[in-house]
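Letter by letter, the chains look like this.
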Amino acid sequence: MASHTTKQWILASKPTGAPVLSGPDATFKLQTVALPPLKEGQILCRVRYFSNDTGLRNFIQTTVSPDRLYVPAVPAGAPMRSGVLAEVLESAAPDAFRPGDLVMDFHLGTWSELVVLDAATAQALAPLPNGLPLTHYLGAFGASGLAAYTGLVYAGGVKKGDTVVVSAAAGATGSMAVQIAKKLLGAKRVVGIAGSDDKCAWVREQLGADACVNYRRPTFEEDLRAATTPDEVDVYFDNVGGRVLDAVLTRMRRRGTVAACGAVSSYNSAEPAALRNWFEVVSMRITVRGFIMLDYLDEAPAILKELIGAAADGRIKLQDGETVVEGRIEEQPEIWMRLFSGANQGKLLTKLIV
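First, a word on what this report is: a plain description of the structure on this page. (Residues numbered from 1 in each chain as written. Predicted model: local features only at pLDDT ≥ 70, side-chain atom pairs only at ≥ 80, totals over all residues. Heavy atoms only, no water.)

Re the packing of helix α2 (residues 143–155) against helix α8 (residues 300–312)
Axis angle and axis distance: for two packed helices, these are the angle between their axes and the distance between the axes, and together they describe the pair. Here α2 crosses α8 at 105°, and the two axes come no closer than 10 Å. With respect to their mutual orientation, α2 and α8 come out roughly perpendicular. On α8, the residues that touch Gly-145, Leu-146, Tyr-149, Thr-150 and Tyr-154 of α2 are Ala-300, Ile-303, Leu-304, Glu-306 and Leu-307. Of the residues assigned to the contact of α2 with α8, the class counts are 7 nonpolar, 2 polar and 1 charged. (Axes fitted to C-alpha atoms, helices over the stretch in contact; angles between N-to-C directions. Helix = DSSP H or I, 4+ residues; strand = E, 2+ residues; numbered from the N terminus. Parallel < 35°, antiparallel > 145°, perpendicular 65-115°, else oblique. Contact = heavy atoms within 4.5 Å. Nonpolar A, V, L, I, M, F, W, Y, C, P; charged D, E, K, R; others polar.)

Comments concerning the pattern of salt bridges
The full count for this structure, using the stated rule, is 14 salt bridges. Here Asp-197 and Arg-217 are joined by a salt bridge, their closest N and O atoms 2.7 Å apart. Of this pair, Asp-197 sits in helix α4 (residues 197–205) while Arg-217 is found in the loop between β10 (211–214) and α5 (220–227), placing the two residues 20 residues apart along the sequence. The exposure class of Asp-197 is partly exposed, given its relative accessible area of 39%. (Salt bridge = Lys/Arg side-chain N within 4 Å of Asp/Glu carboxyl O. Buried < 20%, exposed > 50% of the residue type's maximum accessible area, 1.4 Å probe, protein only.)

Points about the nonpolar core
Core analysis: the biggest nonpolar cluster contains 51 residues, and Phe-141, Leu-152, Val-164, Ile-180, Val-203 and Leu-307 have the highest contact counts within it. Those elements that provide at least two residues to this core are α2, β8 (163–166), α3 (172–184), β9 (189–194), α4, β11 (233–238) and α8. Counting residues per element, this core draws most heavily on α8, at 7 residues. Among all residues touching Val-203, those that are not within four sequence positions of it are Ala-169, Ala-170, Val-178, Gly-192, Gly-208, Ala-209 and Cys-212. Core analysis: the second largest hydrophobic core is formed by 33 residues, Val-74, Val-84, Ile-335 and Leu-352 among them. (Core = buried A, V, L, I, M, F, W, Y, C linked by side-chain atoms within 4.5 Å.)

Points about the sheet that holds strand β12 (residues 252–260)
Here 6 strands make up an open sheet; going across it, the order is β10-β9-β8-β11-β12-β13 and the pairing parallel. In the strand order of this sheet, the two ends are held by β10 and β13 (287–290), each with one partner. Sheet twist, expressed as the mean angle between neighbouring strand axes with direction ignored, is 20°. Relative to β12, β11 runs parallel, the two sharing 5 bridges. Along β12, the bridge assignment pairs Asp-238 with Ala-260. (Pairing = 2+ DSSP bridges.)

A short note on the packing of α2 against α3
Contact geometry for α2 and α3: axes closest at 8 Å, N-to-C directions at 45°. Accordingly, the angle class assigned to the pair α2 and α3 is oblique. In this structure, α2 meets α3 at a crossing whose hand is right-handed. Only Ala-172, Thr-173, Met-176, Ala-177, Ile-180 and Ala-181 of α3 make contact with α2, whose side of the interface consists of Ser-144, Gly-145, Ala-147, Ala-148, Tyr-149 and Leu-152. For the contact of α2 with α3, the residue count by class is 9 nonpolar, 3 polar and no charged. (Left-handed = near helix turned anticlockwise from the far one by under 90°.)

Side note on the pairing of strand β3 (residues 42–52)
The buried count for β3 comes to 9 of 11 residues, which makes it a mostly enclosed element. Where β3 lies against strand β6 (residues 114–118), 5 bridges are found, and the strand directions are antiparallel. Among the inter-strand pairings, Leu-44 is bridged to a residue of β6, identified as Val-116. Here β3 runs beside strand β4 (residues 81–91); their pairing, made up of 7 bridges, is antiparallel.

Some thoughts on the side chain of Lys-347
Structurally, Lys-347 can be placed in strand β15 (residues 347–352). Only 2.4 Å separates the side chain of Lys-347 from the side chain of Asp-53, close enough to count as a polar contact. Non-local contacts of Lys-347, meaning those with residues more than four positions away in its chain, are made with Ser-51, Asn-52, Asp-53, Leu-138, Gly-139, Ser-144, Ala-172, Gly-321, Glu-322 and Thr-323. (Polar contact = N/O pair within 3.5 Å; in protein donor to acceptor, adjacent residues only side chain to side chain.)

Some words on α5
Of all the residues in α5, the buried ones are Phe-220, Leu-224 and Ala-227. Each buried residue of α5 sits inside an arc of 65° when the element is viewed along its axis, so together they form one side. Counted as exposed and oriented over 90 degrees from the buried face of α5: Glu-222 and Ala-226. Summarising the contacts, the buried residues of α5 are in contact with β9, β10 and α6 (242–249). (Arc of directions from axis to C-beta.)

Following this line, the structure appears as structure tokens:
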């Protein structure tokens, strides 16, 4: 097989706050590298799409020690990792993949034009019903959808008739959590929290939430109280932590559950997180349960079958659920950083232009 070179972003330095995109202290560095020859069981692929996820921030720097992190951290000098959708160019696993096949990997791809993947962990992509784009395998039918489902069912224990609140409700995971809670699990009332009035309108009108509260409004806490009265919250699906979590704690029902999926509000902050209302956990006997969707991969085929079926019959709506940005490899760090300013609606993807 021929030798190949590729442009590739490496982690140049670990940030203490927001990643730095330019200058001598830049978090990432673009370089051209020679790829090693394929080993048996590997495939060489051209990346078509990058999956942009806030959780990648924890791959490059976190307060969690490496031996306690749920995936291996990215060390300084190593390629930046992400989920990818890619086309096979060469295969040293001919029984699994051939050139021209499309594959996906949840988190072991890299910010590169060409990438070497292990065939054992790469997922072949089957056509989706109703002509849905295959990019949904990086979102609604990938890690985002699986996180939403497993968080609600296994961590949150959502039951028919529950009141459920979902933060970052217009994001990749939150938009699926809203619909799964309402359409698949039979929640009585679903309240979204999002960062603009337009996003809240989408969460209500397209995703089917009963209400949506804009956390950027000065009346956020009053609006949240109104949206969760008279029924208090049985399950809170938390993507953000911080002051939104602090507010929702005051609206939890006794013995309610917080399913902790993420804490994006603090990922780029050097300041310690502070919760004024933490004693609500004690007073109201609240359970806070963290979870990682990777713990439930044995359940993934059945979950994805249910989610794809629900999209096919119209219970789950994916219209306007992707923000696809076309960009060259040089633009990838900046596109990823758009997540932290709320520039996306639904899943943020980079369509790589070479």
